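The residues making up each chain are set out below.
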Amino acid sequence: MAASGSKAVSGDIYIDEITATGNLSNFAKPTGVFFNDRSLSSCRKASMSLRNQEPPNRSLVCGYLIFDVTRRNCISNPLDGPWFKNFHTWSSSCYSAGAAPDVSFGGSSSDEQLSKSAASSDQAILGHRTLKLISGSCYLPHPDKEETGGEDAHFICIDEQAIGVADGVGGWADVGVDAGEYARELMSNSVTAIQEEPKGSIDPSRVLEKAHSSTKAKGSSTACIVALTDQGLQAINLGDSGFIVVRDGCTIFQSPVQQHGFNFTYQLESGRAGDLPSSGQVFTIPVAPGDVIVAGTDGLFDNLYNSEVTAVVVHAVRAGLGPQVTAQKIAALARQRAQDRMRQTPFSTAAQDAGFRYYGGKLDDITVVVSFITSTSNG
């Protein structure tokens, strides 16, 4: 659950047992905020469907992954086995690669980066090698929201080599709106937009723009879309979801968090009431075989530091585990930290920096999508 809606109320702090020691009276979101000035570029997202929805026909399975959101879900290859099979183990090869690449940020600065998981296999041709994205995902709804499926959504586009995550803003529940519906519709519309993109040249910014303009549900959501293209990794991120890239046991990239204030994330909303897709940050990242992408919602990144996520990735690779099981392990650790009231977490650190007396994790929906980048020779 991302925090805050279009209107700020007492700083939009929806976390229990936070004692303010500072002044957070002015948290109203400024209107017309643009994180950076850029022309629409490329973007894409895909979908997680609502429960009791019929599976798409076989041709659309390659477009997006669906699964039952009424239960904890860790999904592997959508083309294998039952439609709603939980905790299916799936493995693949992982290769090591060289030094960290140069990174383009679409006119904005950055620190590090992170990512999440759901199963797929896609290809991009770079030089004489074909790079392949092999992905897996795990979704753990907030314990209190399992019946409704929580407010996160995500997708894996297999043929198009794209992944995406979205986190519905939980504050809408105060006015009787399930923001999870907005997040799911946004991701579904992203899948549709991705299928209209040129193969190998998906523009995540353009995809997000199309998806946002087509989404009519009430609510708001963060969004992160990552695609493996002929130019490398292309991505857009808006809000406090995001992704990291791990290489040789180090986090070489992390998408920056976009917030108007503590716990008050950038968010898309139907119409022009929220932030716009043009407020998102756009990234171009050269990648190599052996790189691992971990994308997720704030339920992951509020509870685990980059070093903790990277440690799980390193252990999984050394043990020969695939992205699906890796995603499960990362999500399980994030849930453990979220329920620990004594351990310092990224969220508690941010809360303390903002003047709150807060310790421990933040219980939330947790979405993790992990993608391994592998390669095959073109002959």
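Residues numbered from 1 in each chain as written. Predicted model: local features only at pLDDT ≥ 70, side-chain atom pairs only at ≥ 80, totals over all residues. Heavy atoms only, no water.

## So, the packing of aromatic side chains
- Under the criterion given, the structure shown has six aromatic pairs.
- Between phenylalanine 262 and phenylalanine 347 the ring centres are 5.4 Å apart and the planes differ by 40°, which places this aromatic pair in the tilted class. Remark: phenylalanine 347 occurs in helix α7 (residues 346–353) and phenylalanine 262 occurs in the loop between β11 (259–261) and β12 (264–265); sequence separation between them is 85 residues.
- Owing to a relative accessible area of 10%, phenylalanine 262 belongs among the buried residues under this scheme.
- For the ring pair phenylalanine 262 and phenylalanine 356, a centre distance of 5.5 Å and an interplane angle of 40° mean the geometry is tilted. (Phe/Tyr/Trp six-rings, centres within 6.5 Å; stacked < 30°, edge-to-face > 60°. Helix = DSSP H or I, 4+ residues; strand = E, 2+ residues; numbered from the N terminus. Buried < 20%, exposed > 50% of the residue type's maximum accessible area, 1.4 Å probe, protein only.)

## Details of the nonpolar core
- Phe155, Leu186, Ile194 and Leu268 are the most contacted members of the largest nonpolar core, which totals 25 residues.
- Elements that contribute at least two residues to this core include exactly β5 (152–157), β6 (162–168), α2 (179–195), α3 (204–214), β7 (220–229) and β8 (232–238).
- For this core, the leading source of residues is α2, giving seven residues. (Core = buried A, V, L, I, M, F, W, Y, C linked by side-chain atoms within 4.5 Å.)

## Some details on the side chain of serine 371
- Position of serine 371 among the secondary structure elements: in strand β17 (residues 366–377).
- Serine 371 gets classed as buried once you look at its relative accessible area, which sits at 0%.
- Of the polar contacts made by the side chain of serine 371, one reaches the side chain of serine 135; its length is 2.6 Å. (Polar contact = N/O pair within 3.5 Å; in protein donor to acceptor, adjacent residues only side chain to side chain.)

## Some words on the side chain of aspartate 240
- Take aspartate 240: it is sitting in the loop between β8 and β9 (242–247).
- No salt bridge is formed by the buried aspartate 240; the nearest opposite charge belongs to lysine 362, separated by 5.6 Å.
- Each residue touching aspartate 240, except ones within four places of it in the same chain, is listed here: Ala2, Thr222, Val257, Gln258, Gln259, Thr265, Thr297 and Asp298. (Lys, Arg positive; Asp, Glu negative; His and termini not counted. Salt bridge = Lys/Arg side-chain N within 4 Å of Asp/Glu carboxyl O. Contact = heavy atoms within 4.5 Å.)

## Let's talk about the environment of threonine 130
- Following the sequence through the fold, threonine 130 ends up in strand β4 (residues 129–140).
- Given the relative accessible area of 6%, threonine 130 is considered buried.
- C-alpha separation for the pair threonine 130 and proline 289, spaced 159 residues apart in sequence, amounts to 9.6 Å.

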